Structures are given as C-alpha cells and as structure tokens.
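Reading the structure
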Amino acid sequence: MSYQIPKFRHPDLPVNDLGYTKADYEGSISSLCAGCGHDSISGAIVMACHELSIEPHKIAKLSGIGCSSKSPTYFLGNSHGFNSVHGRMPSVVTGAAMANRDLMYLGVSGDGDTASIGMGQFAHVARRNLNMVYIVMNNGCYGLTKGQDSATADEGSASKKGDANVYSAIDLCGTALQMGATFVARSFSGDKGQLVPLIKAAITHRGFALIDVISPCVTFNNNPGSTKSYEFVREHAEATGTVDFVPMRREITTDYKPGFSHEVTMHDGSSIHLYKVDEELDPFNRRSAMMTLEDHRETGSILTGLIYMDRDSRDLHDVLETSQRPLNELREGDLCPGNKMLENINASLR
Amino acid sequence: MKPTDIKNPEYFHKVVDCQYACPAHTPVPEYIRLIAAERYSDAYMVNWQSNVFPGILGRTCDRPCEPACRRVRVEEEPVAICRLKRVAADNKEDIRDRLPTIPKKKNGKRIALIGAGPASLTVARDLAPLGYIIDVYDNQFAGGGMMRSQIPSFRLPLEVLDEEVNYILDMGINTTFDIQVESLKEVLDQEYDAVFVGTGAPRGKGLNLPGLEDASANVYLGIDWLSSVAFEHTESIGKRVLVLGGGNTAMDCCRTSMRLGGEDVRVVVRSPFEDMKASPWEKEDAMHEGIPIYNNHVPKEFVVEDGQLKGMTFEKVEAQYDEDGKRSLVPTGEDLVFMEADDVLMAIGQENAFPWIERDLGIEFDKWDMPVVDETTFQSTNEKVFFGGDAAFGPENVITAVAHGHQAAISIDLFCRGESVDQRPPPQVTLASQKMGVHEWSYDNDVANDERYIVPLAPLEKTLKDRKIEVELGFDVATAFREAERCLNCDVQTVFEEARCIECDACVDICPTDCISFTGNAEEEELRQRLTAPAGNLAQDLYVSKDLPTTRVMVKDENVCLHCGLCAERCPTSAWDMQKFLYEVTKAGA
C-alpha cells in the first residue's frame, strides 16, 4: 500500500501563467476506495484551477462530512481548507466569504451532506446567491456507512445489496433552480472533457454555482440495476451541449467552432462558448431549464452539461452592498469614523 | 495505432532501459533487488550467468546501462548500476559450488580459442559445460587478455581478475600460454571442429610526427607501455610526461604515470573536452589525481636537442561544426605551444591486425583488411572460423566482447551439431504478477528520492604511491542498500487488460508522471500530442490498448513511468497489474 505519491513528475508538464505545473495544485494521496469517482472529480478540480492560473493561496476549499468531504485533502494541497460539520459547510462558507471576499470559495459536498442533513443549508445558500462553487459528489448512496440509499438515489435503482429504492429522488439541480441558484450544471466524474470547462465556468461565475457531479461508488453502487453506475451513466447521459471556457487573453483570436450557439462574457472578461445546445433548452431561461430537466427525468435519461445560467447574477456582496475591500482587511481606523464625525452625526440628529 | 503486442518479448525488454542497453542484456533490476535483500551471492550469479565477469565489470565496465537508466529522465543521475554489481562481487560467499558441472565424458568435439580475453573466455564458459574439449592459446603468461595487460591494478586488483578468469579456466580448459600463434593454418591443420578468434585489437596507433625518429627512445605506444607495466618490465617513467589522446587508455596511461614517478603529467587531446572518447567518470578520476587535460591542442612535432627529447609543440585549434554537424578542428592562428617532456605516451587509438591469418583459408577480408564476420552468428566466410570481441568489428569494450562470446558459442554449438547457425534461440521470458494482497506487491514499489551516492575513494597520498592499491573502495552494504533502493524496478511491468477496464480514470488521476491517457485513437505522431503530458521522447514506445467500450483507447507513454504501481493500486478492477518481466538471453546448449 502506498502512503505517498512519488515526488517525481513528468519533466515536460505544462506551466500556467503563474509558472506552476499541475503538480502544484495536487494534494495528498487519496485514501478513498480504488476507482472512486470522487478522485476523478478531484483531478478535474486540479486541472481547472491550474488552467485558470489561480494562485493556490487565493482558494479556500470547504467541506462537510462523508467520503466526498474527505476529498479536499486530495487536491489543492497549497490552498486554505476547512472540514466542517455534517451538512453545515454552507454556513462556514458564508461566514468566510463575508469576511474575505477576495478568496475563491470551493465547497465540496456529497449527496448525504447536501440532500439529507444539509438540505436546509443548501437551500438557503442557493437563495442568497453566495459567490461560491458548490460541487456535489453524488453517488446515490452512503458509502461511508456501507452503502445505504441516499436521498438522491433514483426510485427503483438497486444498490449492491439488490433492493430497489422505494422513495422518490431529490434532484439537486431542480432544487437549486427552484431556490434561485444562478448557475446550475450537472456532469459525470468519468467525463473530464465536460467537467473541467464546467468547473472553470462555475469558478468564473459570480454567484452561487452548483455542479451536481454523478460520481459512481465502486464499492456499493456500481452494480447492474443502479442508475449511478459507470455503465448506466455512460449509456443514459445526454449533454445539453458542449461548454468551452475561453480565457480573456485568448478572446481576440478565438474562432468559433461549428455548431456555436451562445457566447457569455463573464465579469472578469473571459467568456463561455456553448456549442450544439439542445434545441428545446434556453440555458438563460429558468423556466426552460426546469422544463428540460423534467422532460429528461420522464424519459429516464440523465441531463448533463450547463443547464442554467443567469448572466446578470448579483451575488450576496452586491445585494448587501458590502465594502469592496474585504472585511478582514478593514482596521479600526477604517471602521471607526472618529469623534468629530460622530459629533456631526449626532448633531444632525438633534 | 495498432494495439501493442505485449506478447512480443522485445516490447517489455525495451522498457527495461538498462537491460536493453547492456550488450549482454544483464537483468539489472533483478540483481539490484537481490542486493537490496542482502542476497549477494544470488545477485552475483544472476550477473555471472549473463556477463561472466561481475567483479571485473563492477570496476571497469563502460556502463552503457547507466546513461540509459530511467532515473536520468526523471531526475538527473542514473542508479550506480556498475558499482552495485561490484557490491555483489565483494560480498558474495564462495560460489564455486554454484558453477556448472563439467561432464567428465566429453562430446568429442574440439574447439580452439585463440586469445584468452573476455570473448574467448565467454565461449569457453558456455561450451565447457556442454562437454566440448577446449584449447586456449594466448601470448601472455595468464588468461584475461586486455583485462590483464591494459587495465591498471589500481582499477582492477589482480586477485579479482584471477578469481573470475580461473572460474572458467578451472572448467577443464586446456591452456597454452606464452605462445604467439603465428599461423591460423597450423591451428586448422590440427583438425579442430571450430576455431574462435578472440585476439582483440592489439596494435596501438602511432603518430608519425617530425622528430619521432630521434625521440623514439622516450616515446611509447600507450597499450604496449601499459602491458609492460602490468608485466613489470617497466617500473618508472620520467618526471614530465605527456599523454596524447582522449580515450580511456589515455586516462589509464596518465594515472599509471603518476604512480611510476611522473610529477608533471599532462593529457593533451586534439578535440574539445566534451568530445573526448573517455568515459566521463574516467576523466573525473584522472583530474581528481591532479592531472590537467589540455584540449584543442594538435601535436605538431617532437622537439629533440642533442639526441634527447625535450618536449613537444602543439597547434591550438577550435572545433567548428558544419550544417551536418560534422566537426573540423580549425587552427586559431595563435603561436605554437611548447610543452616540456621527458617521456611521451601515445594513446590515440588501436586497431586490429591479422598478419598471422593466411589469406587462402577461405576467410574473406574487406577493403579495410578486416575479416568479413556475420553480425549475428559471428561466423566468418570459413564456416569453421568464428570471430568475437574486438577482433570481430574493432575496438569496443569488455561487456561487448562477452556478448559476442555468448552468441559465438551458440553458433559453434549449432555448427558442431550440424545445425544451421542462423537458427537463433529465442530469449527465455517470464511475466508474473507481483500482487500479494489488495494493495501489496512483492517488490518495493516506493520510489526513493535519494540522490546518487558517491563511491568512496582511498586517499590520494596512499594510492599515488603504489600502482597496485585500488583507488575505489566500493560501497559499504548500508550505502549499497540505499543506492539499490533508487532503482525504479523497470522490469516490473504495468500490464493492462482491456476487458476489465471500466474507464473510471483512477489510473490517469493518480499517475504521478502523467503517463496514462484515455483518448480517441490516431496515428502515432498525432497520438503523441494528444496525451495528458506530451510524449516527445520518440525513443520510448507508446503502449496502446485495444478499443474500449467508449471507443477510446488507453495509451501509456513508457518514457517516465516510475513503475510505482499506483495505477494498479488505484484500479478497482485489476485492469492494471504489476508483472515482473524476466528476460534472459538464451545461452549455448539451452
């Protein structure tokens, strides 16, 4: 059993604008089961952060409890981390984001941590449009406690023990849309080609960005009859379209590939190009997004890709009109107006 | 690309870079693991089977394995393979009972070996256990050839040489020493079933410069002078010595001079320092002993006054390269440089010479007056006469001579049994899983970060006084263990089984050196660009799977794989497995 990743790396690894290689965004060796989808999502997060050239110390990764919530140890080893209480990651992110708006907040959660114990927190962080990326590593079961069905397990889906789930599933994308999330996507751990650009777009989006990533549990829920197995998801996934993330500096020279249908300019000047988008979906219209989700649910296919995005999103800081300088940088001199100003204020009220 | 045929033994053989680069294809990682396990005798025997002279080669080998070592590509310095081999030799127990038994009843076939150097001794070692009657002829008083006459004792102690030469001569070989074979015809007339010529490249090249005639009393050919020292005919040299030449013989000449009374010993070479033929470590060893190397100096003249050599003049040049990279040494136009000298040693190369082979024996000679020898069978155009070592294709090195010897022995055995010498036996290959448990391997798959350890040397004040004191002390066993742990076990192969793969990407995510990709198939040139990390080292192969259910293929770039086994550890279905690949060159009679 290996407890460490060897330190040697490929000598020709590409470096990003900061001069870092992908290795600078990696974490410790994973202790999850071999083949766990979560590890692939960790890999996708590493790639997205590296390719976006985000300084590792400008990222905070936060999680709750569960297999998914262990995973921040396995990526971004040079970033801030907070492994919080079960289902309470959104509260911790809210506090941190209010205190320091300059960090990029990456919440990592699971289907239990989000759709069961953390459902209330999830709903409220979505409706407040906190500027964060919320990744759910969704495997439809409680892997850490031997694979019981979770709240996102589809009705009729059978886990390794063979019993079909009798309850209706919570669709996290649908719930997030209902709650007012301004960026909603779904992906699959086994499809980095789709997942990496989605994570980049979510990071660049200003506001609450949910990516519900189906992530097979190889140990308890990768059997025939499960709707969250590698094989089932590969056979039933239907992408809304292809997402291409275009950084600002490449903007001018970009040629649109065939099938181009939408371009979205992000607040930092980069843009997202959407290709071959499903004809019935308007990804900028919440009603259309909900209808498309429902259509796919009825036919039993899994809708992946970018589902909804509010191009005019105003995040919690915008709504609350907080100071542009992070709260944690404001000192007494900035916050206390001084005696003279106080007297003026008092005088104005007399 | 087509799926890789891993059943072809050469595919995985090439992945074991050190073994592939070794002319004798010694299974290097196999014996390094045995050294780490303190099984020195076993490690020695793995070597002995393959390269016949582990103790000698562990001190003197040209080490083609080391520049090939994967460690060079992932960090900088190769594993000290050569000096680990010496550790096995130094620490082994008495291995004589492990040597092959020699049949009392012979097979009736008589073989003559001309020359008792590494090539001939290898032929003897392979054929004697099969019952052949073997007669060896050599002009020296004992076996070993150039290993005895040209490699100084401070690099190779006589005891080590004698021990390994005698393992072979004690196989009931009939030796005739101190005899110069003057006629191949006479040998053939004795009705040998086959004759092997392993006479080396015995003729040193000289430089016929102005003044040579008058200076000749103090000018020597390097290899002749070295053997004269080895056989104790020469015991001293002048205080000021110039050694001409940039190869390993020049390094041996200058270091030997320092031990025989030389005080101002200089190596003077025509080429730039980097282009010198000597191995980098041999240059280092010479410079460590305080010997300066003057490069870009072309010798012009021996300066003689009153019949006595005073020194030499040199023209300074610089190397210029044309479009094809061809070098020419162009004079800089500076004044000639004069260097004082009492003696001059010329070590500018050596060549083959066959004045003793009659030209009417059916042995064809080419336009350079070299015998025409088959590169695979080592047979000459006279089917009874075989060549090997430096005698076959010109000066190489000991390990190449050993490799020739093994192949020539196979040919001689086939020939004597009336079979075609072109029927080369395939290598012996095994491929076995190293899985011991869920995440347990039978090899140490941790990758050591240690930098290469340096072999300790005896102090200069001691070694420069006596040419017989060995300079290198060899690794102690504790250091040898740490050095052995640097080996990446490249022979433990990553074997991929498509039918088991569920394409979960776990191997791609964990691979520390980004060797593994799952992508659409394409022609090699394009595929190399598509991988997780670009596969720019064209000398290293791509391992391509059959099509997977998603229509992609698995592509592994072998270049910087650490053989750490993490892909197999993180694989939920054991589609990856770590399997030890042992490749042994088949020897005569097997």
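Small disclaimer: the values here were computed from a predicted structure and weren't measured.

This paragraph deals with the overall build of chain B. Of regular secondary structure, chain B possesses 23 helices and 24 strands. For 590 residues, the compact-globule estimate of 2.2 N^0.38 gives 25 Å, and the C-alpha radius of gyration of chain B, at 26 Å, lies within 12% of that figure. If you line up chain B on its principal axes, its C-alpha atoms span 90 × 65 × 45 Å. Taken over 590 residues, chain B has a buried fraction of 48%. Across chain B, every contact between residues at least 6 apart in sequence was considered, and the portion connecting residues at least 24 apart equals 72%.

The partner chain A presents 24 residues to the 30 residues of chain B that form the contact. Among the secondary structure elements, those contributing two or more residues to the side of chain B that touches chain A are helix H7 (70-74), helix H21 (506-510) and helix H23 (566-569) of chain B. A per-class count over the side of chain B that touches chain A returns 14 nonpolar, six polar and 10 charged.

What follows concerns helix H16 (residues 280-288) of chain B. All names here are of chain B. Along H16, the positions that sit buried rather than exposed are Glu-282, Asp-285 and Ala-286. The buried residues of H16 occupy an angular sector of 100° when projected down its axis, which confines them to one face. Facing away from the buried side of H16, by more than 90 degrees, are the exposed residues Pro-280 and Glu-284. Packed against the buried residues of H16 are helix H15 (248-259) and strand E8 (264-268). Just downstream of H16, Gly-290 is the residue with a positive phi angle, here 85°.

All names here are of chain B. One open sheet holds the three strands; their spatial order is E17-E24-E20, and the pairing between them is antiparallel. The strands lining the two open edges of the sheet, one partner per strand, are strand E17 (428-433) and strand E20 (492-496). Within the sheet, the average angular offset between the axes of one strand and its neighbour, ignoring direction, is 35°. Here five bridges tie E20 to strand E24 (residues 576-584), and the two strands are oriented antiparallel to one another. Bridged to Val-492 within E24 is Lys-580.

Residue and element names in this part refer to chain A. If you check helix H9 (residues 286-299), its first and last C-alpha atoms are 20 Å apart, about what 14 residues at 1.5 Å a residue would give, namely 20 Å. Looking only at H9, the buried set comprises Ala-289, Thr-292, Leu-293 and His-296. Take H9 and look down its axis: the buried residues cluster within an arc of 100°, on one side only. Exposed side chains of H9 directed beyond 90 degrees from the buried face belong to Arg-287, Glu-294 and Glu-298. Against helix H6 (172-179), strand E7 (183-188), strand E9 (237-239) and strand E13 (302-309) lie the buried residues of H9.

Let us now look at the sheet that holds strand E23 (residues 553-557) of chain B. Residues and elements named next belong to chain B. Strand order in the open sheet formed by three strands is E21-E23-E22, and the pairing between neighbours is antiparallel. This sheet does not close on itself; its edge strands, each paired only once, are strand E21 (516-519) and strand E22 (542-544). For this sheet, the mean inter-axis angle between neighbouring strands, taken without regard to orientation, is 25°. Sheet topology note: the E22/E23 ladder contains three bridges and is antiparallel. Directly across from Leu-542, in E23, lies its bridge partner Asp-557.

On to the environment of Ala-588 of chain B, then. All names here are of chain B. Summarising the element assignment, Ala-588 is placed in the segment after E24. Note on Ala-588: 22 C-beta atoms within 10 Å, which makes it buried. C-alpha separation for the pair Ala-588 and Glu-340, spaced 248 residues apart in sequence, amounts to 54 Å. Excluding its chain neighbours within four sequence positions, the residues that come into contact with Ala-588 are Asp-126, Leu-127, Leu-130, Ala-409, Ile-410 and Asp-413.

Moving on: the pairing of strand E7 (residues 240-244) of chain B. Residue and element names in this part refer to chain B. By the criterion of burial, E7 is predominantly enclosed, with five of the five residues buried. Going residue by residue along E7, you find Arg-240, Leu-242 and Leu-244 tucked away on one face and Val-241 and Val-243 tucked away on the opposite face as well. Sheet topology note: the E7/E8 ladder contains five bridges and is parallel. Opposite Val-243, over in E8, you have Val-267 as the bridge partner.

With that settled, the discussion passes to the domain arrangement of chain B. Here chain B is described as being made up of domain 1 (1-36 + 426-590), domain 2 (99-202 + 352-416) and domain 3 (204-349). The partner domain 3 of chain B presents five residues to the four residues of domain 1 of chain B that form the contact.

Residues and elements named next belong to chain B. Here helix H3 (residues 28-36) crosses helix H20 (residues 477-485) at 140°, and the two axes come no closer than 9 Å. One way to sum up the angle between H3 and H20 is to call them oblique. In this structure, H3 crosses over H20, and the sense of that crossing is left-handed. On H20, the residues touching Ile-32, Ile-35 and Ala-36 of H3 are Ala-480, Phe-481, Ala-484 and Glu-485.

Turning to the packing of H3 of chain B against helix H4 (residues 40-51) of chain B, a few remarks are in order. All names here are of chain B. Across the interface, H3 lies against H4 with an axial gap of 7 Å and an inter-helix angle of 165°. In this view, H3 runs roughly antiparallel relative to H4, as classed from their interaxial angle. Two packed elements cross with a definite hand, and for H3 against H4 that hand is left-handed. Contacts from Glu-30, Tyr-31, Leu-34 and Ile-35 in H3 reach Tyr-40, Asp-42, Ala-43, Val-46 and Asn-47 in H4. Residues of the contact of H3 with H4, tallied by class, amount to six nonpolar, one polar and two charged.

What follows covers the environment of Leu-531 of chain B. Residue and element names in this part refer to chain B. In this structure, Leu-531 sits in the loop between helix H22 (524-530) and E22. A sequence separation of 492 residues divides Leu-531 from Arg-39, and the C-alpha atoms of the two residues are 41 Å apart. Apart from the residues lying within four places of it in its own chain, the contact partners of Leu-531 are Ser-517, Thr-519, Val-555 and Asp-557.

The rules behind the values
- Residues numbered from 1 in each chain as written.
- Chains lettered and ligands numbered in written order.
- Predicted model: local features only at pLDDT ≥ 70, side-chain atom pairs only at ≥ 80, totals over all residues.
- Helix = DSSP H or I, 4+ residues; strand = E, 2+ residues; numbered from the N terminus.
- Rg over C-alpha atoms; globule rule 2.2 N^0.38 Å.
- Buried ≥ 20, exposed ≤ 12 C-beta atoms within 10 Å, placed from the backbone.
- Contact = placed C-beta atoms within 7 Å.
- Nonpolar A, V, L, I, M, F, W, Y, C, P; charged D, E, K, R; others polar.
- Arc of directions from axis to C-beta.
- Pairing = 2+ DSSP bridges.
- Axes fitted to C-alpha atoms, helices over the stretch in contact; angles between N-to-C directions.
- Expected span 1.5 Å × (residues − 1).
- Domains from an automatic or database assignment.
- Parallel < 35°, antiparallel > 145°, perpendicular 65-115°, else oblique.
- Left-handed = near helix turned anticlockwise from the far one by under 90°.

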